[in-house]
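Notes for the structure review
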Amino acid sequence: MKYKVLALKEMDPLGHKILEQIGAEVLTAPETASEEEILDLIAKNQVDAIYSRTDKVDRAMMDASPRLKVVAKQGVGLDNIDVDYATARRIPVVWAPGGNANAVAEHTILLMLMCAIRFRYVDEEMREGDFGVRYHLKNTWELKGQTLGLLGCGHIGQTVAKIAANGFGMTIIGSDPHPPMDPIVPIHIMSQEEVLAKADFVSLHMPSLPSTIHSITYKQFQLMKKTAFFINCARGNVVVEQDLIRALKDGTIAGAGLDVFEQEPLPLSSELFTMENVVLTPHTAASTNQSVRNCTYLACQGMVDALLGHQRISNQANRF
């Protein structure tokens, strides 16, 4: 084989097919491999590419193979990759912009609906034999006529807005330091404080950056309506999780739907597991068949360009 690609998680068969066409061999790290074992795999095989989903790719991993030509991310968040070091090493980092936008947007709507109808509470009551829960159920809502507040109005945020506005008749407001010039549907742009104060559902769509990490604190939750719900399908470390737990416990906000967490996997000791007003999913928003294939295709397209030495590399996230 001309090239060796180390996949830190099992790659979709589509990726294998694309890479085999250029004579690349895909090696898959064992599910339980430690950092040391992965470094050893990289060094022993002198891989030409590293393919990651959520696993970190740091400078030690890049230095373990002088032959390394590209790092690929099956997704859009690059916080698990040391992009600055890759750029300093002139190693292209490729990703899958837009590949999972619809899947994450639909998952966001799912969590909104589950919060609105108090799904967890109703499900638990029914499983315990209380079919009559419907007669004393209170504080459930339809999405129609509600206000959705977006914290971040990029591709995913806009896709959420489109579904919410066209499918449910919601009013869309949003805050973004770089608001879209031509959004998919009208979004009333305002300050973050105004969005938090006016929204019935606040949906986070901000990347994990030095400027955003832990930027959502108890202070932000205090600005929200007591009847409002907080949704996060973006990155867990943008939120101070203990502050969110405090806001959920003391009634500062009505509830939350969470797909991402400060620490993943979410520790079983977390109070979030015990809360009736919280819906949890294990970072699965982008795990649909279509999303996985879309992201695999885009990431592998960039890898192929880099491995073949093309001057223009598709879906390159860094520049040098």
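Residues numbered from 1 in each chain as written. Predicted model: local features only at pLDDT ≥ 70, side-chain atom pairs only at ≥ 80, totals over all residues. Heavy atoms only, no water.

In terms of regular secondary structure, the protein chain is built from 12 helices and 12 strands. Against the compact-globule benchmark of 20 Å for 320 residues, the protein chain has a radius of gyration of 21 Å, which places it among compact chains. For the protein chain, the spread of C-alpha atoms along the principal axes amounts to about 65 × 45 × 30 Å. Split into buried and exposed, the 320 residues of the protein chain put 51% on the buried side. A separation of at least 24 residues holds for 62% of the contacts in the protein chain among residues at least 6 apart in sequence. Looking at the protein chain as shown, the accessible area adds up to about 15,700 Å², and 53% of this sits on carbon and sulfur atoms. (Helix = DSSP H or I, 4+ residues; strand = E, 2+ residues; numbered from the N terminus. Rg over C-alpha atoms; globule rule 2.2 N^0.38 Å. Buried < 20%, exposed > 50% of the residue type's maximum accessible area, 1.4 Å probe, protein only. Contact = heavy atoms within 4.5 Å. Areas by Shrake-Rupley, 256 points an atom, 1.4 Å probe, with all protein chains shown as cover.)

Burial in helix α11 (residues 241-249) covers these residues: E241, D243, L244, I245, A247 and L248. If you follow the buried residues of α11, they end up packed against α10 (218-223), β10 (229-232), β11 (255-258) and β12 (278-280).

The next point concerns the pairing of strand β4 (residues 70-73). The alternating pattern of β4 places V70 and A72 on one face and V71 and K73 on the opposite face, and all of these are buried. Bridge analysis of strand β3 (residues 49-52) against β4 gives four bridges, and the strand direction is parallel. Within the sheet, the bridge partner assigned to S52 lies in β4 and is K73. Judged from the two bridges that link them, β4 and strand β5 (residues 93-94) form a sheet pairing that is parallel. The partner of A72 across the bridge, within β5, is V94. Considered for its hand, the β-α-β crossover made up of β4, helix α4 (residues 83-88) and β5 is right-handed. (Pairing = 2+ DSSP bridges. Right-handed = clockwise from strand over helix to strand, strands pointing away.)

Quick look at the nonpolar core now. Judged by nonpolar contacts, the single largest core of 30 residues is most densely connected at L204, F221, F230, L244 and L272. Put simply, the parts of the chain that give this core at least two residues each are α9 (192-198), β9 (201-204), α10, α11 and β11. Top element by residues in this core is α11. It accounts for four residues. When sequence neighbours within four positions are dropped, the list of residues in contact with F221 reads I216, F230, V239, D243, L244, A247, T252 and I253. (Core = buried A, V, L, I, M, F, W, Y, C linked by side-chain atoms within 4.5 Å.)

The peptide bond linking E264 to P265 adopts the cis configuration, its omega dihedral lying at 0°. With respect to the element layout, P265 can be found in the loop between β11 and β12. The phi angle at H214 is positive, at roughly 60°, despite the residue not being glycine. Inspection of the secondary structure assignment puts H214 in the loop between β9 and α10. According to the relative accessible area criterion, H214 is partly exposed, its value standing at 38%.

Okay, the sheet that holds β10 next. Within the open sheet, the seven strands sit side by side as β8-β7-β6-β9-β10-β11-β12. Their pairing is parallel. Each end of this open sheet is capped by a strand with a single partner; those strands are β8 (188-189) and β12. Relative to strand β7 (residues 171-175), strand β6 (residues 147-151) runs parallel, the two being bridged by five bridges. Bridging from a neighbouring strand, L148 pairs with I172 of β7. Running at roughly 175° to β6, helix α8 (residues 155-168) makes contact with β6 and β7 of the sheet. (Axes fitted to C-alpha atoms, helices over the stretch in contact; angles between N-to-C directions.)

This next bit is on empty space enclosed by the protein. Under the criterion given, the structure shown has one cavity of 30 Å³ or more. By volume, the largest cavity is sized at about 50 Å³. Lining the largest cavity, in full, are F230, N232, G236, V239, E241, L244, L258, V260 and F261. Within the residue set of the lining of the largest cavity, elements represented by two or more residues are β10 and α11. In the lining of the largest cavity, the residues fall into six nonpolar, two polar and one charged. (1 Å grid on protein atoms, 1.4 Å probe; cavity = no way out; pocket = protein on both sides within 12 Å on 5 of 7 lines; lining within 4 Å. Points joined across faces, edges and corners; volume = space filled by probe spheres on them. Nonpolar A, V, L, I, M, F, W, Y, C, P; charged D, E, K, R; others polar.)

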